[in-house]
Amino acid sequence: MEGSLSWKVLAKRISERFEVYRFNLREASDRQLLELSEGLGIGLNLEEMKACQRYFEARGIDPTDVELQTIGQTWSEHCFHKTFKGTILSPKGCILARNLFKTYIRRVTDELAKPWCVSVFEDNAGIVEFEGDYGVAIKVETHNHPSAIEPFGGAATGIGGVIRDILGVWAEPIANTDVLCFGPLDYPPERLPQGIKHPRYIYRGVVAGIGSYGNNMGIPTVNGAIYFDDSYVGNVVVYCGCVGILPISKYIRATRAGDVAILVGGRTGRDGIHGVTFASADLSEKSEEVSRPAVQIPNPIEEEKLARAILQVRDRGLASAITDLGGGGLSCAIGEMAHRSRLGTIVWLDRVPLKYQGMVPWEIWVSESQERMLLSARPENVEAILEIFRDEEVEATPIGEFSDKGILRVFYWDEEVASLDVEFLFNPPEARRIAKWSRPRFTEPEFPEPLDLTGFLLKLLASPNIASKEAVIRTYDHEVKGCTVLKPLEGFHSGPNDAAVLKPLEGSWKGLVLSSGMNPKYGFIDPFWMAASAVDEAVRNNVAVGGRRIALLDNFTWGNPERPDRMGSLLRAVQGCYWAAKALGTPFISGKDSLYNESPLGPVAPTLLITAIGIIPDIRSAVSVSLKNPGNPVYLLGRTYDELGGSHYYGLMGLKGGKVPRLRIAQARGNMEVVTKAIDAGFVRACHDLSEGGLGVSAAEVVLSSDYGLELSLEALASHKVPARNDFILFSESNSRFLLEIQRNHQADFEKLARGSPHMRIGEVIKEPRLVIRGLKGNLIVDTSSEELREAWHSYLED
Amino acid sequence: MVLWPMEASADKEARNGITQEAWRSDELASSSMNRLRFVAKPPMDLKVCIIRVGGTNCDRETKRALEDLGVKAEVLHLTRLLREGNLLEYQGLVIPGGFSYGDYIRAGAILGKQIAAKLGRELSTFIDDGRPVLGICNGFQVLIEAGFLPGLRDSEAIQQAALTTNSSARYECRWVHLLHENRGKCLFTSIIPYRRVLRIPIGHAEGRFVLLREKEKEYLDRLIENDQIVFRYCMPDGVAAMGKYPFNPNGSIYDIAGVCNPSGNVLGLMPHPERAYFGWQLPDWTRFGKPPAYGDGRLIFESFVNCLRRF
């Protein structure tokens with residue numbers, strides 16, 4: 001370990017038989033406290049170490065390494081989300097917000113008070129009602145730091161972890177999602193600082209890791225995105241999501257005193273030591289060397305067996321509670337289970353099955369080895385539970401019991417190695433962060449309208465963030481379980497559907513709709529509108545295929561929150577989330593933040609992922625992206641504004657611009673309502689949302705997904721307030737817009753229905769597989785074949 | 001020509017906008033529907049065993065397909081079958097898809113050897129009785145590794161064929177076109193006309209069918225001669241893919257997607273018929289407005305269930 005070793009004089013070994021030390025905290029200087037924190041790798045700051053000092057002083061004892069490790073794990077940013085629960089101050093010391101989570105995220109849910117929300121922000125995953133007694137559980141996690149060090153293992157265990165979150169609410173996992181952000185694949189290797197791996201290496205490893213875990217476990221990966229930006233070179237972003245289904249009557253969390261704690265699944269090893277403290281610090285060039293052991297080793301087959309056994313335990317109602325072992329390992333799982341039921345526990349660490357001998361007690365206690373879960377059960381049910389696990393060839397071991405004392409006690413070979421008040425453990429000192437945000441001064445660029453818009457459209461299609469991700473999507477099984485109704489790739493042309501639709505229950509036509517939204521490019525200009533746009537994008541993608549009654553998940557990946565500018569942009573994004581989600585009537589049900597995504601290359605782009613889960617009453621009315629019938633009219637729903645700041649069109653020319661797309665609430669709600677009603681009435685044959693690359697790219701994607709073509713004209717837009725330039729109309733990324741193919745004989749009905757929302761008939765489906773667009777003055781501005789569009793769209797990710 | 005067995009009562013509304021060809025209902029579709037009514041009430045004492053071990057993951061949807069056709073399908077862990085079960089109580093056997101034991105060593109290798117060693121004699125009796133055994137994806141790999149497929153009579157070769165890494169060197173999940181090339185021996189395609197094109201998805205990293213190199217030509221000729229080739233990857237119009245990617249998604253020799261044993265009662269195929277059982281599972285069902293009732297995968301299960309009735 002780095003730094004001075006003066007803290008070692010504080011240590012005293014407590015037993016001859018095994019390695020546990022007590023530390024004389026009472027007499028430690030501030031410097032020694034900090035060195036001790038660093039020496040043990042627990043990542044506590046001085047204020048937190050002093051809180052420990054006071055606590056142990058009051059009790060008149062010295063803490064053991066097991067106790068300090070427990071506190072370090074529980075109080076880490078990763079486990080406790082200090083920043084989201086802390087106080088945010090202005091640089092001058094005025095309080096800007098207390099508890100971001102309650103003030104903004106949770107408040108949406110509380111104020112909307114939707115009766116179909118079953119469990120929000122309380123458990124491992126959010127749960128909403130689905131059909132009858134069935135509920136849907138969903139969770140999205142990040143696994144950024146491990147993936148930067150060991151891409152395959154980091155990403156695979158990310159999926160493994162989020163699947164266990166779903167099992168951790170007694171749900172059966174039915175689908176995965178993944179949203180990945182990498183540096184450009186053609187990044188010049190000579191520009192990479194020491195210790196940072198090339199984006200191509202990380203990309204290959206992450207993609208393979210996710211595919212391997214999901215495919216091996218037999219869970220389809222149905223929704224996702226891949227995003228490229230320079231800021232991800234040093235900080236890869238890996239979002240892993242999982243959706244599950246459960247009978248709500250089987251959702252049991254009722255641990256009582258006297259219940260037995262049973263550790264189930266894989267064995268405990270030295271992989272994944274200090275993962276949470278690693279994830280709560282910036283990456284440095286030493287990360288590889290120092291933190292390699294923090295990355296776990298994936299074994300999806302173990303988890304597949306584990307899942308089978310857990311679902312049997314659930315169905316027979318044998319256990320009283322369940323939780324997964326993730327960050328912090330046993331120390332956090334046991335602590336949280338006790339805390340949730342206001343209990344204490346006694347744990348015998350020597351009973352934990354190990355991968356190999358030689359681990360010291362604190363390592364066993366904090367190891368984050370994968371594929372493990374914790375059950376609590378009445379003593380009389382233990383034998384039946386063990387038998388189920390035996391049948392599935394999975395280890396299950398009673399390692400402790402719950403007590404009503406409110407104290408967490410840990411024993412090793414009959415000697416007490418830790419004793420902590422659960423109440424103390426879950427009340428860390430409040431974090432304070434300083435936030436500062438000033439609007440960057442970007443000006444609108446001035447340049448003449450290019451002559452060759454077809455060329456620009458093809459370039460946009462071939463640009464990394466718009467181009468087809470088929471090369472990756474096909475390596476993920478999206479069909480296993482046979483429930484995928486609307487797939488990530490539509491038909492035999494592999495077009496991009498807006499959302500995935502699943503049919504989870506045999507006896508019901510009701511479906512689940514899964515979509516996401518993310519716009520890191522707007523974040524540098526204004527995080528508030530970035531957040532609002534991400535919410536709108538996730539929701540409109542969902543609505544586009546027929547989804548409704550939508551719930552949201554928020555996932556933040558930001559830089560170091562102890563730096564005021566990062567914190568300032570985070571605060572603004574959180575405010576944007578509240579405003580947009582409240583206005584669209586979509587509650588947040590779960591979320592997660594990953595901070596400290598910084599490397600020698602700087603902070604990660606503020607990356608907010610919004611995941612939306614909706615329902616569709618009958619999957620047979622789901623709408624896809626491909627054109628269905630020549631002669632059908634095509635409508636643009638929603639107004640296009642002159643707001644190209646952060647757009648892909650500007651990006652193509654190396655421009656930024658200052659005006660990012662805003663969200664107009666009344667229009668957004670109105671447009672989405674029109675789409676839902678029109679789908680329900682059977683008017684809509686195809687639908688695609690307008691996002692990256694605006695109308696031009698959306699129309700191109702529709703054409704390349706189809707056997708047919710589109711002939712559009714912007715003339716119809718001239719009478720609506722639109723930008724006066726063809727290129728701006730084609731490539732503006734204004735929110736809340738849809739491109740719709742309407743059944744010919746329902747054209748009048750649709751127009752009646754859409755009255756009150758800006759809707760324009762801009763063309764029709766043609767038999768020739770071409771995209772033809774006429775400009776404001778009727779001149780031809782885009783004319784290309786769907787073959788050309790496909791070629792451009794498939795050009796970025798070839799292998 | 002691609003045809004779908006359509007729901008007999010498909011409403012006119014749903015037909016709006018669909019080209020005439022796509023809607024042309026032929027004898028197959030209607031006969032398939034008649035048969036459907038016929039098998040609607042098969043005796044429930046017909047039991048199919050679906051074997052699973054750690055890593056098996058397509059058992060539930062396979063069971064769903066069989067039970068939709070009215071037979072009882074039991075998913076049984078292999079250790080339980082070995083401990084307390086009796087394979088001969090079942091009229092049919094399915095080894096479903098997945099990654100048995102993590103597919104370490106080689107896809108299907110561990111389970112294949114386990115079955116050969118621990119269930120080999122029972123399974124040989126089962127097969128010699130003429131009872132149907134279906135291996136889907138990983139199940140196909142297992143049947144090859146266990147030596148039950150292709151099952152040519154040859155005293156020298158230990159293993160006659162293998163399913164090896166796709167020529168694309170990666171996992172592939174995609175819908176493919178399959179040409180039914182069996183002239184009548186295979187029990188699992190009895191209701192599918194010769195040279196009919198089916199659309200069914202694949203999902204595998206190791207599906208390239210290869211034959212023992214020294215005897216490649218001889219074995220292939222014998223497979224063709226014996227009528228053991230059941231499905232070949234083909235172009236949408238029914239012409240064999242001739243190795244062309246992605247129509248032949250894995251580089252299999254002779255575009256082979258599925259083979260049966262010399263008696264026709266053991267079938268292994270890489271594509272997943274259980275993922276193409278219902279119409280709403282099709283990748284482009286939205287073209288029809290409403291999804292058709294069933295997909296092509298059903299035809300295989302239906303043939304399977306039909307031959308069960310003979311026992």
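Structure first, text after, so check above.
Notes on the structure in this doc start here. (Residues numbered from 1 in each chain as written. Chains lettered and ligands numbered in written order. Predicted model: local features only at pLDDT ≥ 70, side-chain atom pairs only at ≥ 80, totals over all residues. Heavy atoms only, no water.)

Within chain B one finds 10 helices and 11 strands. Out of the 311 residues in chain B, the part that is buried amounts to 63%. Counting contacts in chain B only where the partners sit at least 6 residues apart, residues at least 24 apart contribute 77% of the total. Total accessible area on chain B stands at roughly 11700 Å², and carbon and sulfur atoms take up 51% of it. (Helix = DSSP H or I, 4+ residues; strand = E, 2+ residues; numbered from the N terminus. Buried < 20%, exposed > 50% of the residue type's maximum accessible area, 1.4 Å probe, protein only. Contact = heavy atoms within 4.5 Å. Areas by Shrake-Rupley, 256 points an atom, 1.4 Å probe, with all protein chains shown as cover.)

The next thing to look at is the interface of chain A and chain B. Taken together, the 50 residues of chain A in the interface contact 44 residues of chain B. Summed over both sides, the interface between chain A and chain B buries roughly 3800 Å², with carbon and sulfur atoms accounting for 48% of that surface. Considering only the surface of chain A that becomes buried against chain B, R308, R474 and F492 of chain A emerge as the three largest contributors, covering 18% of it. Connecting chain A to chain B are 6 salt bridges. With a closest N to O distance of 2.8 Å, R80 of chain B and D391 of chain A form a salt bridge. (Buried area = accessible area lost by both parts, 1.4 Å probe. Salt bridge = Lys/Arg side-chain N within 4 Å of Asp/Glu carboxyl O.)

Glancing now at the packing of helix α20 (residues 527-545) of chain A against helix α23 (residues 665-680) of chain A. Residues and elements named next belong to chain A. Where α20 contacts α23, the two axes come as close as 8 Å, and the packing angle between them is 20°. By the angle between their axes, α20 is roughly parallel relative to α23. In this structure, α20 meets α23 at a crossing whose hand is left-handed. Facing D536, V539, R540, V543, A544 and V545 of α20, the residues of α23 in contact are A668, M672, V675, T676 and I679. Classifying every residue of the contact of α20 with α23 gives 8 nonpolar, 1 polar and 2 charged. (Axes fitted to C-alpha atoms, helices over the stretch in contact; angles between N-to-C directions. Parallel < 35°, antiparallel > 145°, perpendicular 65-115°, else oblique. Left-handed = near helix turned anticlockwise from the far one by under 90°. Nonpolar A, V, L, I, M, F, W, Y, C, P; charged D, E, K, R; others polar.)

Our focus in this paragraph is the nonpolar core. Membership of the largest hydrophobic core comes to 96 residues, with the highest contact counts inside it found for L66, F209 and F304 of chain B. Of the residues forming this core, the biggest block, 7 residues, is contributed by helix α10 (residues 297-308) of chain B. When sequence neighbours within four positions are dropped, the list of residues in contact with F209 of chain B reads F140, I144, A161, A162, L163, L223, S252, I253, I256 and V259 of chain B. By size, the runner-up hydrophobic cluster in this structure holds 61 residues, among which are F528, A544, L552 and I679 of chain A. (Core = buried A, V, L, I, M, F, W, Y, C linked by side-chain atoms within 4.5 Å.)

Before going further, it helps to examine unusual backbone geometry. A cis amide bond links L149 of chain B with the next residue in sequence, P150 of chain B, at an omega value of -10°. With respect to the element layout, P150 of chain B can be found in the loop between α8 (138-146) and β5 (161-165). Here the bond from Y245 of chain B into P246 of chain B is cis, since omega is 0°, no more than 30 degrees from zero. Take P246 of chain B: it is sitting in the loop between β9 (229-234) and β10 (256-260). With a phi angle near 55°, S494 of chain A is a residue other than glycine that sits in the positive phi range. The residue S494 of chain A is located in the loop between β20 (489-490) and β21 (495-496) in this model. Overall, S494 of chain A belongs to the buried group, its relative accessible area being 4%. Residue M242 of chain B is not a glycine yet carries a positive backbone phi of 50°.

Our focus in this paragraph is the sheet that holds strand β8 (residues 172-182) of chain A. Pairing between the strands of a sheet is mediated by backbone hydrogen bonds and can be parallel or antiparallel. All names here are of chain A. Here we have 6 strands laid out as an open sheet, ordered β5-β6-β7-β10-β8-β9, and mixed in their pairing. The outermost strands of the open sheet, each flanked by one partner alone, are β5 (117-119) and β9 (221-228). Taken pair by pair, the neighbouring strands of this sheet meet at an average axis angle of 25°, ignoring direction. As judged from the 5 bridges shared by strand β6 (residues 126-131) and strand β7 (residues 134-142), these two strands associate in the antiparallel manner. Across the sheet, G126 pairs through a bridge with I138, a residue of β7. Packing against the sheet, helix α8 (residues 151-167) makes contact with β7, β8 and β10 (237-247), and its axis sits at approximately 25° to β10. (Pairing = 2+ DSSP bridges.)

So, about the sheet that holds strand β29 (residues 633-637) of chain A. Residue and element names in this part refer to chain A. On the basis of which strands lie adjacent, the open sheet formed by 7 strands has the order β30-β32-β29-β33-β31-β34-β35 and mixed pairing. Two strands in the sheet have a free side with no partner beyond their single neighbour: β30 (684-689) and β35 (780-785). For this sheet the average axis-to-axis angle between neighbouring strands, irrespective of direction, equals 20°. Each of β34 (770-774) and β35 is contacted by helix α17 (residues 453-462), which is oriented at about 50° to β35, the strand it contacts most. Relative to β35, helix α27 (residues 786-793) is tilted by about 80°, and along the sheet it contacts β34 and β35.

A surface patch of nonpolar side chains, about 330 Å² in accessible area, is lined by Y104, I105 and I110 of chain B. Its place among the elements puts Y104 of chain B in the loop between β3 (92-95) and α6 (109-118). (Patch = residues over 30% accessible without salt bridge, like charges linked within 9 Å, V, L, I, M, F, W, Y side chains within 5 Å.)

This part is about the pattern of salt bridges. Residues and elements named next belong to chain A. Applying the stated rule across the entire model yields 72 salt bridges over all chains. Put simply, E77 and R433 hold a salt bridge, and the shortest N to O gap is 3.4 Å. Taken together, the positions of E77 in helix α4 (residues 77-80) and R433 in strand β18 (residues 432-434) put the pair 356 residues apart, joining distant regions of the chain. This pair shows no difference in class: E77 is buried, exactly as R433 is. A salt bridge links D315 to R314, with the nearest nitrogen and oxygen atoms 3.0 Å apart. If you follow the salt bridges from partner to partner, you end up with E122, D123, R253 and R340 in one network.

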